[in-house]
Amino acid sequence: MNYQTFEPSLELNGLIKFYWTLEYPKEENPDKQTIVPDGCLEMIFHYGDNYKQYLQNGESIIQPKCFVIGQLTRPLEIEPTGQTGIFSVRFHPEGFSPFTSIPIKKMENTATSLEKLFGKGGIEIGQKVLSSNSVSERIKYIENFLLSRLSNSETINHIIKSTVDIILTANGHLSVGELSKQINISRRQLERKFSSFIGLSPKQLSKTIRLQATLKMLLNKQFTSLTTLAYEGEYYDQAHFIKDFKEFTGLSPKEFYGSNLTMSSLFYGME
């Protein structure tokens, strides 16, 4: 497996977290892979074979070649159909909002094709990225594409940016009431802005960030027991910890830790 990350340009580093690529050969019996919500939208380009995506009703669809995966509020199961070759743009939680005319909330748990998002421009950028022979060329194409869609330097609402930074610094441990006090904005206004710019409520993003911080400790084995892990994550009690954990991963902490954990950390948003 070949996984690499790349930094965005200075003009876009406030919107893009990083770029990543993943390549590995076709497997005879591929396993399902679970993507755990991390609060970030991703723009995915499959220059290898497409991936299969499993739906809640047990059925499956083939993902588009080029798409944006919206905010996840539950675990997403995918499976390679052949050789993997992925180039991805991982946005900051609020980073995709300047580029889309489709309400981010409507993209929830969905792979939306670039054609639907950007029309002819989406088709063209998809063709350029898929036909490129190097990562540097792919980054150049996507950065030119995104920069051309920024109307001015005031790309992100400062209230949203400040609140997201506070949530990340606190590892999601602050209540919505505490957040609204720190930002000096009403709870209702804050929730409305989050829905518009991020596609999640402040509470949902906080829960996601807290779970990601807990997952990082779990994957890095930085705990002595699952009870300690719940305490470190500042969950009310063990039942609260298990409930949130299962909501986002589809497994209890014990089931998750008892598995082989062969999935790359990139699918857990740990990078």
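Notes on the structure in this doc start here. By convention here, each chain's residues receive numbers from 1 onward along its written sequence. This being a predicted model, a pLDDT of at least 70 is required before a residue's local features are given, and a value of 80 or more before pairs of side-chain atoms are given or counted; all residues contribute to the totals for chains, interfaces and linings. With hydrogens and water stripped out, all remaining heavy atoms of the structure feed into the side-chain values.

1. Focus: the pattern of salt bridges
A pairing counts as a salt bridge when a side-chain nitrogen of Lys or Arg comes within 4 Å of a carboxyl oxygen of Asp or Glu. For the coordinates displayed, the defined rule picks out eight salt bridges. The salt bridge partner of Glu-247 is Lys-207, with a shortest N-O separation of 3.0 Å. Of this pair, Glu-247 sits in helix 9 (residues 238-249) while Lys-207 sits in helix 7 (residues 202-219); the two residues are 40 residues apart in sequence, bridging distant segments of the chain. The rule is simple: take the accessible area with a 1.4 Å probe, protein chains only, and divide by the maximum for that residue type; under 20% is buried, over 50% is exposed, in between is partly exposed. Using a relative accessible area of 32% as the deciding quantity, one classes Glu-247 as partly exposed. On the accessibility criterion, Lys-207 (17% relative accessible area) is buried. Ionic contacts of the salt-bridge type, sharing partners, join the residues Glu-94, Lys-161 and Asp-165 into one network. Helix numbering and strand numbering both begin at the N terminus, where a helix is a DSSP run of H or I of at least 4 residues and a strand a DSSP run of E of at least 2.

2. Describing the sheet that holds strand 9 (residues 84-91)
Reading across from one edge, 1-2-9-4-7-10 is the order of the six strands in this open sheet, with antiparallel pairing throughout. One side of each edge strand has no neighbouring strand; the edge strands of this open sheet are strand 1 (2-6) and strand 10 (111-113). Averaged over all neighbouring strand pairs, the angle between strand axes comes to 20 degrees, with direction disregarded. By definition, two strands form a pair when at least two bridges between them are found by DSSP. Note that strand 7 (residues 66-69) and strand 10 share three bridges and pair antiparallel. What sits directly across from Phe-67, in strand 10, is Ser-113. Here a residue-residue contact requires only that any non-hydrogen atoms of the pair lie within 4.5 Å. Under this scheme, a helix contributes an axis fitted over its contacting stretch, all axes are lines through C-alpha atoms, and angles between N-to-C directions fall in the 0 to 180 degree range. Contacts between helix 2 (residues 120-131) and the sheet are confined to strand 4 (42-46), strand 7 and strand 9, with strand 4 contributing the most and set at about 60 degrees to the helix.

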